[in-house]
Amino acid sequence: MNKIRIFLLFAVFTLLAIPNARGFSAATSPFDLLAVINSIRSANGLEPVTSDPILMTIAQNQANYISQNPGAGHFDASGGQERDRAEAAGFSVSAAGGWIDECWAAARNDTPVETMVYNSWSDYSHWYQITNPGSKLVGAGVAESGGLTYYVLVSAGTYGGSGQSSGAASTIPTTAVTAQVAPVKMATPEADGSIIHTVKIGQAPWSIAAAYDITVDQLIALNNLGKNPVIFEGQKLIIQAGYTPTPSPTATLTPRPPTRTPIPAQTAQPVATQESEGSGSLFNVNRNTMGLILVLICGAGLALMVVGTVKREKPAAKKSDNNDQDPL
């Protein structure tokens, strides 16, 4: 019974330990980065570089610092750069040849280190550091934070030298070249609301996504990029898709009526109001007065008729009397 319990406990601890072992083996180490650098140098006919303990230390310290302070870039907490850090740690830049330079970049944790190098460090300044024939000693640092892996490469030596190949920079600068991640200038939104970014030399997917405040996954989805995208100068990347406007109904224009000629204002004139039928009469005489007049006229006419009749009857009577008095 005890053996069974011990076996079960051992099996549980084994299962818990497997994911950790896998995670550790999948993580990129500073020496993985150096292996890629020397592979590029070998392909260009250049001698490999050798890791230096002091340069390895300052590179790792800087990788740890920028993983927590991505905006720091090549500056450390005290404001110093690679030469300051190397000399403060006891590395003699003059003895190494007088040249020291630094590259740094960030990529998603699942991005192969080779993809990061060819994607983020393929511009002139970074490629000069990688393929400088005079580079002899290097240091590398790798740190992870927030789903990103931060890489730092510090190289020291001379400004070029014999055996420079076509892969190296064609012009040897008189002063040290400070490798910078190219700044991202944000594009102006189009009329439809879309934002299209044109990739410049030295820009990487993570730096473009950070500038526009989106995630690398969103950038990949918008542009149908691969899991470990490699972008190139001049490439058009969709940052924000345009909206499709809703068609508006077409308005029909109604012609305006002709302009009317204004009519001058007229002064109101008093108008005599006629009385309605039954309330008014001829010559502005009311109904009662008109009735009285008619009665008087009728009465006068009747009187005249009576008087005329009486007058006609009197002569007839006299004539009859005269006839009676005449002798036979």
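The coordinates are above.
So, here's what we can say about the structure. (Residues numbered from 1 in each chain as written. Predicted model: local features only at pLDDT ≥ 70, side-chain atom pairs only at ≥ 80, totals over all residues. Heavy atoms only, no water.)

## Things to note about the overall build of the chain
- Across its full length, the chain carries 10 helices and 6 strands.
- Across the 328 residues that make up the chain, the buried fraction comes to 34%.
- Residue pairs at least 24 apart in sequence account for 68% of intrachain contacts in the chain once pairs closer than 6 positions are excluded.
- Carbon and sulfur atoms make up 60% of the accessible area of the chain, which totals about 21,400 Å². (Helix = DSSP H or I, 4+ residues; strand = E, 2+ residues; numbered from the N terminus. Buried < 20%, exposed > 50% of the residue type's maximum accessible area, 1.4 Å probe, protein only. Contact = heavy atoms within 4.5 Å. Areas by Shrake-Rupley, 256 points an atom, 1.4 Å probe, with all protein chains shown as cover.)

## Describing the packing of aromatic side chains
- Summed over all chains, the structure comprises 3 aromatic pairs.
- One aromatic cluster in this structure is built from W99, Y124 and Y128. (Phe/Tyr/Trp six-rings, centres within 6.5 Å; stacked < 30°, edge-to-face > 60°.)

## Description of the packing of helix 2 (residues 30–43) against helix 7 (residues 124–131)
- At a closest axis distance of 9 Å, the pairing of helix 2 and helix 7 adopts a crossing angle of 85°. Relative to helix 7, helix 2 is oriented roughly perpendicular. Across from I37, I40 and R41 in helix 2, the residues of helix 7 making contact are W127, I130 and T131.
- Each residue belonging to the contact of helix 2 with helix 7 can be placed in one class, and the counts come to 4 nonpolar, 1 polar and 1 charged. (Axes fitted to C-alpha atoms, helices over the stretch in contact; angles between N-to-C directions. Parallel < 35°, antiparallel > 145°, perpendicular 65-115°, else oblique. Nonpolar A, V, L, I, M, F, W, Y, C, P; charged D, E, K, R; others polar.)

## Some details on the nonpolar core
- Residues L55 and I208 are the most contacted members of the largest nonpolar core, which totals 34 residues.
- Going through the elements one at a time, helix 3 (53–68), strand 2 (99–108), strand 4 (148–157), helix 8 (205–211), helix 9 (216–223) and strand 6 (236–240) are the ones with two or more residues in this core.
- Discounting residues that sit within four places of it in the chain, I208 has contacts with V184, H197, V199, Q203, I231, L237 and I239. (Core = buried A, V, L, I, M, F, W, Y, C linked by side-chain atoms within 4.5 Å.)

## As for the packing of helix 2 against helix 6 (residues 113–120)
- Close contact between helix 2 and helix 6 brings their axes to 9 Å; oriented N to C, the two are set at 55°. One element, helix 2, and the other, helix 6, form an angle in the oblique class. Considering how the two elements wind past one another, helix 2 and helix 6 form a crossing that is right-handed. From helix 2, D32, L33, V36 and I40 reach across to helix 6, where they touch V113, E114, M116, V117 and Y118.
- By residue class, the composition of the contact of helix 2 with helix 6 is 7 nonpolar, no polar and 2 charged. (Left-handed = near helix turned anticlockwise from the far one by under 90°.)

## What to know about helix 2
- In this model helix 2 runs 20 Å from its N-terminal to its C-terminal C-alpha over 14 residues, within 8% of the 20 Å that 1.5 Å per residue would give.
- Among the residues trailing helix 2, G45 stands out with phi positive, at a value near 70°. (Expected span 1.5 Å × (residues − 1).)

## A short note on the environment of L222
- Mapped onto the elements, L222 comes out in helix 9.
- Sequence-wise, L222 and I239 are 17 residues apart; in three dimensions their C-alpha atoms are separated by 7.1 Å.
- Contact partners of L222, with chain neighbours within four places excluded, come to I238, I239 and Q240.

## Structural notes on the sheet that holds strand 2
- The sheet built from 4 strands is open, its strands ordered 1-3-4-2 with mixed pairing. Of all the strands in the sheet, just strand 1 (50–51) and strand 2 have a single pairing partner and so form its edges.
- Note: strand 3 (residues 135–145) against strand 4, 10 bridges, orientation antiparallel. Counted as the bridge partner of L137 is A156 from strand 4. (Pairing = 2+ DSSP bridges.)

## A short note on empty space enclosed by the protein
- Enumeration over the complete set of coordinates arrives at 1 cavity of 30 Å³ or more.
- Of the pockets and cavities examined, the largest cavity occupies roughly 110 Å³.
- If you go around the largest cavity, you meet 14 residues; those closest to its centre are A107, R108, T111, N119 and P205.
- Of all the secondary-structure elements, those providing two or more residues to the lining of the largest cavity are strand 2, helix 6 and helix 8.
- In terms of residue count, helix 6 provides more of the lining of the largest cavity than any other element does, 4 residues in total.
- For the lining of the largest cavity, a count of residues per class yields 8 nonpolar, 5 polar and 1 charged. (1 Å grid on protein atoms, 1.4 Å probe; cavity = no way out; pocket = protein on both sides within 12 Å on 5 of 7 lines; lining within 4 Å. Points joined across faces, edges and corners; volume = space filled by probe spheres on them.)

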